[in-house]
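Residues per chain, in single letters:
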Amino acid sequence: MEERFRNLLPLLLFTALLVIAAGIAVGASGCFLFLSLIPRHLVTLLAWSFALSSAGALFSFLHLGRKGRTPQVIRGIGRSWLSREALAAALFTIGIGIAMILALGKTRSLLDEALAAISLLGLATTLCIGMLYHLPGQLTWKGRLPASTPAVSSLYLGSSFTLIVSLQYRATCFIHIFFFLWASDFALSVARRQRFANQSRHRRALLFPRLAPAVSFLHLLRLLFPFGVAFSIIDEAFWPVPFVIMAQVVMDRFTFYAGALQMTPRALFLELKDERMRSALHYQNQGEPPA
Amino acid sequence: MMRRVFILDTSKCFGCLGCVAACVHANRTPSGVLWREVLKLPPEEGSRDTLYLSLACNHCENAPCVRACPSGALSKRSTDGVVLHDPDQCLGCRYCQMACPYGAIRYDASTKVTSKCQFCADRIDEGREPACVETCFGGALRMEIVDSEAEPAEYRKEIPGFVHHPEAGPGIRFLRK
């Protein structure tokens, strides 16, 4: 694996784990608030969410060059999406911890409010992750499409939990929400694949050219996952659905980072140089410039 | 708004790399960390002109790196628009590298922080020119203070081979005969 990509692995894990943690928190909160999920199951789901977001925070911390300066990360809150993401992720993780303590208590006062708050914080974190990479120089990252993907993935994962619980209670109204998010996720994955296929002809601009075949393959494989989810639901095999969606999130993050494409002057020069060399060779061999 | 910009006359640059050497010498950049680079493009069919572009940080008007930096290590000087980097504030998160559309920010593995061209801020504050400009004996590279509202017509923002990002507003202009 390319060394520069290895440097991005903590970020890949951090963002994937946070998106999954937010999805679990949203799903658990939705099930508890609207479907009377039993508190024991709520605590289990919140514990998973807490563990994943804490692990994500640890990975994020490890990727910093100067770990001792971590508290300075919130100094740019007014302008930097990275600062906002760090703050939202920290509040989200603390919020889950508080919600767990409240869920374990006897009275469970303020639990509903805490669950609503962590759901919003989780979604805010995923929105920050999306906006963070909305950068003018990165051709495959910029735009609303990649920016909205983490939040849609979280909602989709959350809705899968809600769907499973709702079907146990024979409340089928949540199936519409789930399939709306299923369709959104599928449309986003098609659009992402299309964008990468269009842009990856600029091979010199790819940050990780050796990973390009893997990215193309995973994009195609990723298109099959929604069908697997749909078949599972039709077959009434519900429990694998959240795990399939979690695998999707990890694949999405991999293809996102590995498919980075930055048209710097160096990349453009190399592209133009290749073009001119090809043209010169053609001229030498054929005696006429290529059409 | 008045801002400092690099002016590169591509008809005069012949790729001697003097600017790169001067930058390394003046800023004592570590081995393998070059704030300035010279890109070479062979001539087109039927032409004899090899194009050399001497590029460093463009000190953009709406610098994406400054907006990205979470710790405030990157800042824009209000007096002349120079984008400064303070290594003592840098977290080494490398987000500025992702944000910079020109690939001008370097990571120093020994200090574990990023670094970039500072427009030789200490030298220009003393009334001198940046090291790269002072060294350029072909007269291809200059520094000027321009009014972004009223720039001379001969200054070009785009030339073939340079990616112009208007949303960032790079502080480099080209002269080409």
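Draft legend 1. A look at the overall build of chain A. The secondary structure content of chain A amounts to nine helices and zero strands. The dimensions of chain A, computed from C-alpha atoms along their principal axes, are 85 × 50 × 30 Å. Burial statistics for chain A: of 291 residues in total, 44% are counted as buried.

Draft legend 2. Fine view of unusual backbone geometry. Residue and element names in this part refer to chain B. Phi is positive for Leu17, which is not a glycine, with a value near 70°. We classify Leu17 as partly exposed; it has 13 C-beta atoms within 10 Å. The phi torsion at Phe119 lies on the positive side, around 60°, for a residue other than glycine. Accessibility expressed as a C-beta count within 10 Å gives 25 for Phe119, which makes it buried.

Draft legend 3. Focus on the nonpolar core. One finds Ile20, Ala25, Ala28, Leu46 and Ala99 of chain A together with Cys65 and Cys96 of chain B to be the most contacted residues of the largest nonpolar core, which totals 129 residues. With 16 residues, helix 1 (residues 3-35) of chain A is the largest single contributor of residues to this core. Each of domain 1 (3-260) and domain 2 (263-291) of chain A accounts for three or more of the residues forming this core. Each residue touching Cys65 of chain B, except ones within four places of it in the same chain, is listed here: Leu74, Val83, Cys96, Ala99, Cys100 and Ile105 of chain B.

Draft legend 4. Structural view of the domain arrangement of chain A. Residues and elements named next belong to chain A. Assigned domains of chain A: these are domain 1 (3-260) and domain 2 (263-291). When each unit is reduced to the centre of its C-alpha atoms, the spacing between domain 1 and domain 2 is 43 Å. Listed by partner, the interface residues are four residues for domain 1 and five residues for domain 2. Of the residues in the side of domain 1 that touches domain 2, the class split is two nonpolar, one polar and one charged.

Draft legend 5. Representation of the interface of chain B and chain A within the structure. If you look at the interface, chain B gives 34 residues, while chain A gives 31 residues. If you list the elements that add at least two residues to the side of chain B that touches chain A, you get strand 2 (37-41), strand 3 (51-55), helix 2 (64-68) and helix 3 (95-99) of chain B. Counted by class, the side of chain B that touches chain A contains 22 nonpolar, seven polar and five charged residues.

Parameters and conventions
- Residues numbered from 1 in each chain as written.
- Chains lettered and ligands numbered in written order.
- Predicted model: local features only at pLDDT ≥ 70, side-chain atom pairs only at ≥ 80, totals over all residues.
- Helix = DSSP H or I, 4+ residues; strand = E, 2+ residues; numbered from the N terminus.
- Buried ≥ 20, exposed ≤ 12 C-beta atoms within 10 Å, placed from the backbone.
- Core = buried A, V, L, I, M, F, W, Y, C linked by C-beta atoms within 7 Å.
- Domains from an automatic or database assignment.
- Contact = placed C-beta atoms within 7 Å.
- Nonpolar A, V, L, I, M, F, W, Y, C, P; charged D, E, K, R; others polar.

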